[in-house]
Amino acid sequence: MKELVIFVVVFVVLFWIGVKLNRWINGTSKISKNQKKILEEMKRQNKEK
């Protein structure tokens, strides 16, 4: 019984870490896409001037 409880706790902790990493990775990719869009927009504005 003790092993089962330990297994469930370890599984939940690993799952939680996986969710956090997934959010962090997706968040950084969205941020980098936004930065690229901002850079392109700034380049366009500089060309127009």
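Relevant structure appears above.
Residues numbered from 1 in each chain as written. Predicted model: local features only at pLDDT ≥ 70, side-chain atom pairs only at ≥ 80, totals over all residues. Heavy atoms only, no water.

Participant: So what about the overall build of the protein? Which residues, and what values?
Facilitator: Each helix and strand in the protein was counted, giving one helix and zero strands. By principal-axis analysis of the C-alpha atoms, the protein measures approximately 75 × 5 × 5 Å. The buried share of the protein, reckoned over its 49 residues, is 0%. When the accessible surface of the protein is summed, it comes to about 5,100 Å², and 68% of that surface belongs to carbon and sulfur atoms. Each charge sign in the protein was given a centre, from 11 positive and 4 negative side chains, and these centres are 2 Å apart. (Helix = DSSP H or I, 4+ residues; strand = E, 2+ residues; numbered from the N terminus. Buried < 20%, exposed > 50% of the residue type's maximum accessible area, 1.4 Å probe, protein only. Areas by Shrake-Rupley, 256 points an atom, 1.4 Å probe, with all protein chains shown as cover. Lys, Arg positive; Asp, Glu negative; His and termini not counted. Charge placed at Lys NZ, Arg CZ, Asp CG, Glu CD.)

Participant: Describe the pattern of salt bridges, and please don't skip the residues or the numbers.
Facilitator: All told, the structure shown has one salt bridge when counted by the stated rule. Between R44 and E41 there is a salt bridge; the shortest N-O distance is 3.0 Å. With R44 and E41 both in helix 1 (residues 2-48), this residue pair falls three residues apart, about one helical turn. According to the relative accessible area criterion, E41 is partly exposed, its value standing at 35%. (Salt bridge = Lys/Arg side-chain N within 4 Å of Asp/Glu carboxyl O.)

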